[in-house]
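Secondary and tertiary structure notes
The primary structure of each chain is shown beneath.
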Amino acid sequence: MTRRRRGVGSGPGGSPLTLSIQELFTLHLGEPRAPVVLDTALRAPYRLELVHRYEEPLFTELTEAVFHADAASFRWRQLGLVEDEELRAFRRAQLLSKPTLRIAARHGDELVGWCFAFSDRPDSVYMASSAVLAEHRRRGLYRAMADAVVDLARRAGYHAVHSKHIATNNPILLAKLAMGFYIAGTELSAEIGSLVRLEKPLLEVRERALLVRSGQRKLTPAMATAITEQASVREE
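My aim in this report is to walk through the structure given alongside it, one point at a time. (Residues numbered from 1 in each chain as written. Predicted model: local features only at pLDDT ≥ 70, side-chain atom pairs only at ≥ 80, totals over all residues. Heavy atoms only, no water.)

1. A closer look at the pattern of salt bridges
Evaluated as defined, the whole model comprises 14 salt bridges. The shortest N-O distance in the salt bridge between Glu83 and Arg91 comes to 2.6 Å. Take Glu83: its relative accessible area is 29%, and that puts it in the partly exposed class. Classification of Arg91 as partly exposed rests on a relative accessible area of 44%. Here the residues in one salt-bridge network are Arg47, Glu49, Glu55, Arg106 and Asp109, joined through shared partners. (Salt bridge = Lys/Arg side-chain N within 4 Å of Asp/Glu carboxyl O. Buried < 20%, exposed > 50% of the residue type's maximum accessible area, 1.4 Å probe, protein only.)

Structure below.
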């Protein structure tokens with residue numbers, strides 16, 4: 001069943017739009033389509049748009065400046081990696097075919113931030129790349145983008161939203177924890193370094209299970225039964 005909800009946002013000129021959640025997660029596919037202005041509490045002239053594509057070459061220039069300046073992320077080609085371009089294009093095409101959200105934060109018509117998220121599993125959405133330009137921070141843009149991803153993911157039936165952050169990126173970690181994200185793990189990335197994985201459960205049962213697995217809550221009878229049944233199957 002296709003679920004529709006009025007008030008997702010507006011089209012050009014502020015005209016009302018009615019889009020299914022499936023259409024919002026596939027706005028990036030096919031021919032270019034008009035952006036959808038998302039409902040937020042941001043003060044003008046700031047706004048969020050769900051877009052088909054970010055404008056180029058500006059977006060690439062901004063991501064290079066944010067993520068590759070100083071000693072942030074390695075660019076593998078600079079380290080001598082030579083890839084098969086045809087295979088690289090194939091892998092990229094498979095990524096782009098997944099349900100995706102491209103959110104643009106704008107000051108007037110200027111791109112000042114973004115959040116790129118996609119469904120990495122049937123039950124979860126991964127916030128893969130988010131940033132706000134330094135001169136536009138502390139205006140609620142990052143929180144508004146994260147809230148939008150969580151809201152849209154919940155409406156699409158996903159169980160969780162997760163993200164990974166540099167372990168010393170305290171402002172973002174604190175902002176996410178205040179939104180109800182939990183620290184779900186750490187990892188060492190060859191490209192970026194030490195990362196913290198955060199997860200925001202979108203279902204009560206998933207949040208309860210996460211707390212049980214971390215030792216903060218006791219097993220419910222249903223969980224105890226499920227674990228016992230799984231153990232019995234493995235033993236058989």
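2. Re unusual backbone geometry
Residues Ala44 and Pro45 are joined by a peptide bond in cis, for which omega reads 10 degrees. In this fold, Pro45 is placed in the loop between strand 3 (36-38) and strand 4 (46-50). A cis amide bond links Glu56 with the next residue in sequence, Pro57, at an omega value of 5 degrees. Among the structural elements, Pro57 can be located in the loop between strand 4 and helix 2 (58-67). (Helix = DSSP H or I, 4+ residues; strand = E, 2+ residues; numbered from the N terminus.)

3. Focus: the environment of Val150
Following the sequence through the fold, Val150 ends up in helix 4 (residues 141-155). Of the residues examined, Val150 reaches a relative accessible area of 6% and is grouped as buried. Spatially, the C-alpha atom of Val150 lies 6.5 Å from that of Val161, the residues being 11 residues apart in sequence. Ignoring any residue separated from it by four or fewer positions in sequence, one finds Val150 in contact with Val161, Met179, Phe181, Lys200 and Leu202. (Contact = heavy atoms within 4.5 Å.)

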